[in-house]
Amino acid sequence: MVEGALSHEDPRPTKLRVDGLSAFYGPKKAISNVSLDFPERTVTAIIGPSGCGKSTLIRCLNRMHEVLPGTRIEGRVLLDGEDIYDGDPVSVRRRIGMVFQKPNPFPTMSVYDNVAAGLKLNGIRDRARVDAAVIRSLKQAALWDEVKDAIDGPGTRLSGGQQQRLCIARALAIEPEVLLMDEPCSALDPIATAKIEDLIFDLRKTYTLVIVTHNMQQAARVAEFTAFMYLGELVEFDRTQTLFEQPKQKLTENYITGRFG
Amino acid sequence: MRFDRNARRRWMNWIMSALALLCVVVALVPLGSIIYTAVTFGGHVLSFSFLTSGYPLACSPTPSQPTCPVGGIGPAIEGTGVLLALSSLFSVPPGILAGVYLSEFGRGRLGRSVSFFTDVMTGSPSIVVGIFVYTLFFLFFGPRGVFSALSGAVALAILMIPIVTRTTEEALRLVPNSVREAAYALGIPRYRAVLHVVLSAARGAILTGVVLAVMRAGGEAAPLLLTALGNPFGFQGLTQPSASLPPIIFNFGTSAYSNQVAVAWGAALVLIIIMLCISLTVRFALRSKLS
Ligand SMILES: Nc1ncnc2c1ncn2[C@@H]1O[C@H](COP(=O)(O)OP(=O)(O)OP(=O)(O)O)[C@@H](O)[C@H]1O
Ligand SMILES: [Mg+2]
């Protein structure tokens, strides 16, 4: 819809570059020719109506899209200038973590094992190191105080919001460079949401974050950049403040002012 | 109007509950009858020594010897234990692997044919499996190798594999895809995700399947009559015939001597109790593991 690459004018280097990306489910094209740059150590929000392809886009960013049978992509995704689709998906996913729309803790695993899983199953045996990573991640995810006495209890016994924070802790434990979050707060109450937003704010210092959200206030609060998608296409990408206050596209304006349809 | 609907609903609820209860009773009647008969005819021989001592010799009460020695089923218990352990060893690993293959990897031709042959194996009568193993051992080891603990265990394993495979497959399919995705998103390689996350999420149901298979095999007599055959001493080595519970129920049950018939009833009762214990132990273990 917009000519040329939608790149930011930002002094920070680009961490993740999406270049002419299209994604398919079988014959169905879910996103079409999306290009955008995510600068290093920033939070970028992706907004847009339900079904516009936000989840599909971020699943392409750590090669989770191809996990579903019959899917394929066109275009490139560059992490530090290298195409993630060139090598092995497993090593890409260690560098680009993901939190899913629905909380999905490992059943039959304790809280501790859930958080430790990424380390242990990637061959890290050093008990002290794993312990430290688990505690650090749980604290970062604002869950530590609630679970510190039940750390060996099953992860599935936590409330929905706690489970989501557990999943965030699990993703943080392997210290990815980029963290993709698909509506991480959709199952959370306002207090937990505020905790997650604080967390996102902190994580920005070390990680590059991409967060899908339906909540425009949330995007405005946490994200430096915002991308607006509609019907599988990227409509507008800009600094959050600019996008919300002076949108260049009529579609964006209609969406953020709630005049839609 | 509203009152009528509620009354009808309560009435229906009552009828359906009663029907469900009736079905439970009907289903339990055969079980109750089996246990009742086994206890009536076999209960009096049960004792600790019955579980350990050797088979009774054929004997009819005579004026000079009014009571016959009861003997026991020690050899059969020992043999059944060894046979079930061996057949579990032969069937559980391949059964679980095949189930994992079917659920996690098996698409296309190979997957479909594995699935098809599993169905065929599930459907084959145990006596046919017995004949198959008999023939197989005859071909490879000659007439002296046919009747052995090994051939008995192989026959039982063939009966167990499809049960383990199917329950493993079903159990793994019940693990939501989001769990697999969560593992992949952590950069965990696929085989490790399957081994450590998916299998572990399904371990309870898989264990139940293994127990089902063991119980199925433990009650089989027909294939063992063609393979392990039986001997009066218990387990005598892999290449020798081996005693086991179901065949002696068959052999002694058709005996003309009342003391042997009593042992057959006792053996039947012991078999039922063993199966019940296995099942309860596993249930109990699973429950305490999950909480
Ligand atoms: N597994 C799938 N198979 C086929 N089509 C799919 C699949 N998943 C998503 N789609 C389609 O792709 C399009 C984009 O879906 P996607 O899940 O990316 O939307 P979304 O923007 O994340 O929506 P929401 O805000 O509701 O989560 C939709 O039209 C959807 O129907
Ligand atoms: Mg979505």
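Residues numbered from 1 in each chain as written. Chains lettered and ligands numbered in written order. Predicted model: local features only at pLDDT ≥ 70, side-chain atom pairs only at ≥ 80, totals over all residues.

Novice: Explanation requested: the environment of Val43 of chain A in the structure shown.
Specialist: Residue and element names in this part refer to chain A. Relative to the helices and strands, Val43 is located in strand S3 (residues 43-47). According to the C-beta neighbour criterion, Val43 is buried, with 25 such atoms within 10 Å. For the pair formed by Val43 and Gly70, sequence separation is 27 residues and the distance between their alpha carbons is 31 Å. Once you skip the residues sitting within four places of it in the chain, Val43 turns out to touch Ile200, Arg204, Leu209, Ile211, Val222, Ala223 and Glu224. (Helix = DSSP H or I, 4+ residues; strand = E, 2+ residues; numbered from the N terminus. Buried ≥ 20, exposed ≤ 12 C-beta atoms within 10 Å, placed from the backbone. Contact = placed C-beta atoms within 7 Å.)

Novice: I keep staring at the confidence of the model for chain B and nothing clicks. Help me out?
Specialist: Segments scoring low in pLDDT should not have their predicted coordinates read at a detailed level. Residues and elements named next belong to chain B. On average, residues of chain B carry a pLDDT of 90, and 98% of them reach 70 or more. Mean pLDDT across the elements of chain B ranges from a minimum in helix H12 (residues 258-290), with 86, to a maximum in helix H6 (residues 149-173), with 95. Both confidence scores are given for the complex: pTM 0.84, ipTM 0.90. (pLDDT = per-residue confidence, 0-100.)

Novice: How should I be thinking about the pairing of strand S7 (residues 178-182) of chain A in this particular structure?
Specialist: Regular strands place side chains that alternate from one sheet face to the opposite one. All names here are of chain A. In terms of residue burial, S7 counts as a mostly covered element, since five of its five residues are buried. With five bridges joining them, S7 and strand S8 (residues 208-212) adopt parallel strand pairing. Across the sheet, residue Leu180 finds its bridge partner in S8, namely Val210. Between the parallel pair S7 and S8, the chain is carried across by helix H7 (residues 190-203), and the sense of this crossover is right-handed. (Pairing = 2+ DSSP bridges. Right-handed = clockwise from strand over helix to strand, strands pointing away.)

Novice: Whenever I open this one, helix H4 (residues 108-123) of chain B confuses me. Can you help?
Specialist: Along an α-helix, residues three or four apart share an orientation, since each turn contains 3.6 residues. Look at H4 of chain B: 23 Å from first C-alpha to last across 16 residues, which is about the 22 Å you get at 1.5 Å a residue. With one of its 16 residues buried, H4 of chain B lies for the most part at the surface. (Expected span 1.5 Å × (residues − 1).)

Novice: Explain the packing of H4 of chain B against H6 of chain B here, please?
Specialist: Helix-helix packing: each pair is described by the crossing angle between the helix axes and the interaxial distance. All names here are of chain B. As a packed pair, H4 and H6 sit with axes 9 Å apart at the nearest point and diverge in direction by 130 degrees. Relative to H6, H4 is oriented oblique. For H4 against H6, the interelement crossing comes out left-handed. Where H4 approaches H6, its residues Thr118, Met121 and Thr122 are matched on the opposing element by Ile158, Ile161, Pro162, Thr165 and Arg166. Of the residues that constitute the contact of H4 with H6, the class distribution is four nonpolar, three polar and one charged. (Axes fitted to C-alpha atoms, helices over the stretch in contact; angles between N-to-C directions. Parallel < 35°, antiparallel > 145°, perpendicular 65-115°, else oblique. Left-handed = near helix turned anticlockwise from the far one by under 90°. Nonpolar A, V, L, I, M, F, W, Y, C, P; charged D, E, K, R; others polar.)

Novice: Looking at this model, I keep getting lost on the sheet that holds strand S4 (residues 71-79) of chain A. Mind explaining?
Specialist: Note on sheets: strands pair through backbone hydrogen bonds, and any given pair is parallel or antiparallel. Residues and elements named next belong to chain A. Spatially, four strands are ordered S2-S1-S4-S5 in an open sheet, and the strand pairing comes out antiparallel. The open sheet has two edge strands, strand S2 (28-39) and strand S5 (82-83), and neither has a second partner. Relative to S4, strand S1 (residues 14-25) is paired through eight bridges, and the arrangement is antiparallel. Its bridge partner lying in S4, Val18 is registered against Val77.

Novice: Where do I start with the nonpolar core in this structure?
Specialist: A general trend in soluble globular proteins is that nonpolar side chains are found buried together. Counting 132 residues, the largest nonpolar core has Ile46, Ala169, Ala173, Leu180, Leu209 and Ile211 of chain A together with Met160 of chain B as its most contacted members. With 15 residues, H6 of chain B is the largest single contributor of residues to this core. For Ile46 of chain A, the residues in contact, after removing those within four places along its chain, are Lys54, Leu57, Ile58, Val210, Val212, Ala227 and Met229 of chain A. If you look at the next biggest cluster of nonpolar residues, it comprises 19 residues, including Val45, Phe50, Leu245 and Val270 of chain B. (Core = buried A, V, L, I, M, F, W, Y, C linked by C-beta atoms within 7 Å.)

Novice: Hey, could you run me through the site of ligand 1 in this one?
Specialist: In the region of ligand 1, 13 residues are neighbours, and Tyr25, Ala30, Ser50, Ser55 and Thr56 of chain A sit closest. Secondary structure elements with two or more residues in the shell around ligand 1: S2 and helix H1 (54-61) of chain A. (Near = placed C-beta within 6 Å.)

Novice: Could you clarify how one ought to interpret the confidence of the model for chain A in this entry?
Specialist: Of all residues in chain A, 96% attain a pLDDT of 70 or more, and the chain-wide mean is 89. In this model residues 1-5 of chain A is a low-confidence stretch, pLDDT under 50, and it forms four contacts with partners more than four residues away in sequence or in other chains.

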